[in-house]
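Each chain is listed here by its residues.
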Amino acid sequence: DIIRRVSLIPFENKTIFKQLPLEKVFENMIVQYLSESCSGIRLVSQGSPDFPESLQPVASSAVYDNLTMVKKGREAGLNAIITGGILNLSLDKEDEGLLWFRKTQERLQLQFFLEVFDMESGAKIFDNHFIHEIKDMAPEEIQAFKVAQPALFASISENLDKLAKDIAPKMCDAIVTKPWT
């Protein structure tokens, strides 16, 4: 069996909640579930001793272009690079129920993106941009969001865990079984 070397570029947090390390939590969960569910890869993330030094400028930069990332990854002997981030965290209101019995339900929406680039071709072999809604939030959690307090962090982390667990096998399939090989 071929073991593919895959590196993970640190995720971005583009939300207004920079004080919450949501991207780090999501990144760690992706690494954990990808390691558990994918035997065909060897994951190398920033901070590990075998993280390619040539990728360090790309990983530490907030802005990087895909071509540079693929060139650096190819030079480092990688097979794929994973990137991702949290784009937005917002409150959405929706009316539920029948006409006379309607009530407004507030939900937290999380917008994410995950991408995997193949180093051989430079192609994006996995591209998932998605919106996840957290329903049935307690009123105090909604209030914590409105005043930007970190009390909401536990609820968001639980949902991030579920998302990472669901998406890791799909990422593994994209990395291990490329459709053109």
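What you see is a predicted model; the values in this text were computed from it and never measured. Residue numbers run consecutively from 1 along every chain, following the written order of its sequence. In keeping with the model being predicted, local features are shown solely for residues with a pLDDT of at least 70 and side-chain atom pairs are shown and tallied solely at 80 or more, while totals for entire chains, interfaces and linings include all residues. Only hydrogens and water are removed before side-chain values are computed, so all heavy atoms of the structure are retained for them.

Details of the pattern of salt bridges
Move 1: By definition, a salt bridge exists where a carboxyl oxygen of Asp or Glu is found within 4 Å of a side-chain nitrogen of Lys or Arg. Per the counting criterion, the structure on display carries 5 salt bridges.
Move 2: For Glu12, the salt bridge is made with Lys14, and the minimal N-O distance between the two is 3.7 Å.
Move 3: Only protein chains enter the accessibility calculation, which uses a 1.4 Å probe; a residue whose area is less than 20% of its type maximum is buried, one above 50% is exposed, and one in between is partly exposed. In this structure Lys14 comes out as partly exposed when scored by relative accessible area, which is 47%.
Move 4: Taken together, the shared-partner salt bridges in this structure form one network comprising Glu115, Lys124 and Asp127.

What to know about the packing of aromatic side chains
Move 1: For Phe, Tyr and Trp, rings pair up if their centres lie within 6.5 Å, where Trp contributes its six-membered ring, and each pair is then called stacked (planes under 30 degrees apart), edge-to-face (over 60) or tilted (otherwise). This model, assessed by the stated rule, comprises 3 aromatic pairs.
Move 2: Where Phe11 meets Phe26, the ring centres are 5.9 Å apart and the plane angle is 50 degrees; that geometry is what we call tilted. With Phe11 in the loop between β1 (4-8) and β2 (12-13) and Phe26 in helix α1 (residues 22-37), this pair connects stretches of sequence that are 15 residues apart.
Move 3: Overall, the relative accessible area of 0% leaves Phe26 in the buried class. Helix and strand definitions here come from DSSP, where helices need a minimum of 4 consecutive H or I residues and strands a minimum of 2 consecutive E residues; each element is numbered from the N-terminal end.

A closer look at the packing of α1 against helix α5 (residues 153-176)
Move 1: Their axes nearest at 8 Å, the elements α1 and α5 cross at an angle of 40 degrees. In the crossing of α1 with α5, the sense of the turn from one axis to the other is right-handed.
Move 2: In the scheme used here, Gly and all other residues not listed as nonpolar or charged are polar, with Ala, Val, Leu, Ile, Met, Phe, Trp, Tyr, Cys and Pro taken as nonpolar and Asp, Glu, Lys and Arg as charged. Here the contact of α1 with α5 is composed, by residue class, of 17 nonpolar, 2 polar and 2 charged. Note on geometry: axes are lines fitted to C-alpha atoms, helical ones only across the stretch in contact, with angles between N-to-C directions running from 0 to 180 degrees. By definition, turning the near helix anticlockwise from the far helix through less than a right angle yields a left-handed crossing, and turning it clockwise yields a right-handed one.

Things to note about the nonpolar core
Move 1: Phe26, Ile30, Ile82, Leu114, Leu160 and Met171 are the most contacted members of the largest nonpolar core, which has 40 residues in total.
Move 2: Mapped onto this core, the elements with two or more residues apiece are β1, α1, β4 (80-96), β5 (103-118), β6 (124-134), α4 (139-146) and α5.
Move 3: If sequence neighbours within four positions are ignored, Leu114 has contacts with Phe11, Phe26, Ile30, Thr83, Gly84, Phe126, Asp127, Asn128, Phe130, Ile167 and Met171.
Move 4: Throughout this description, the term nonpolar core refers to a set of buried Ala, Val, Leu, Ile, Met, Phe, Trp, Tyr and Cys residues connected via side-chain atoms within 4.5 Å. Judged by nonpolar contacts, the second largest core, of 11 residues, contains Val44, Leu78, Ile81 and Met119. Only heavy atoms matter for contacts: two residues are in contact if any of them lie within 4.5 Å across the pair.

A few points about helix α3 (residues 66-75)
Move 1: Within the sequence span of α3, burial applies to Met69, Val70 and Gly73. The buried residues of α3 occupy an angular sector of 95 degrees when projected down its axis, which confines them to one face. Of the residues in α3, the exposed ones pointing more than 90 degrees away from the buried face are Leu67 and Glu75.
Move 2: Just past α3, the residue Gly77 takes up positive phi, approximately 80 degrees. Here the arc refers to the set of directions running from the helix axis out to each C-beta atom.

Comments concerning the state of the cysteines
Move 1: When two cysteine sulfur atoms are found within 2.5 Å, that pair is recorded as a disulfide. One pass over the full model with this rule turns up 1 disulfide.
Move 2: There is a disulfide in this structure between Cys38 and Cys172, and the S-S distance comes to 2.1 Å. Between Cys38 and Cys172, the S-S dihedral sits near 75 degrees, and the bridge is therefore right-handed. Here the residue Cys38 occupies a position in the loop between α1 and β3 (41-45), and Cys172 occupies one in helix α5, the gap between them amounting to 134 residues.
Move 3: The exposure class assigned to Cys38 is buried, which follows from its relative accessible area of 2%.

Focus: the side chain of Glu27
Move 1: Turning to its location among the elements, Glu27 is positioned in helix α1.
Move 2: His is not counted, nor are the chain ends; Lys and Arg add positive charge and Asp and Glu add negative charge. The buried charged residue Glu27 lacks any salt bridge partner; its closest oppositely charged side chain belongs to Lys24, at an N-O distance of 4.1 Å.
Move 3: Polar contacts, as used here, are pairs of N or O atoms within 3.5 Å; protein pairs need one atom able to donate a hydrogen and one able to accept it. Residues neighboring in sequence count only if both atoms are side-chain atoms. Polar side-chain contacts of Glu27 include one of 2.9 Å to the backbone nitrogen of Phe11.
Move 4: For Glu27, the contacting residues outside a window of four places in its chain are Leu8, Pro10 and Phe11.

Looking at the confidence of the model for the protein chain
Move 1: What pLDDT expresses is the predictor's confidence in each residue, scored from 0 to 100. On average, residues of the protein chain score 82 in pLDDT, and 90% of them reach the 70 mark or higher.
Move 2: The spread of mean pLDDT over the elements of the protein chain runs between helix α2 (residues 56-60), the lowest at 59, and β6, the highest at 90.

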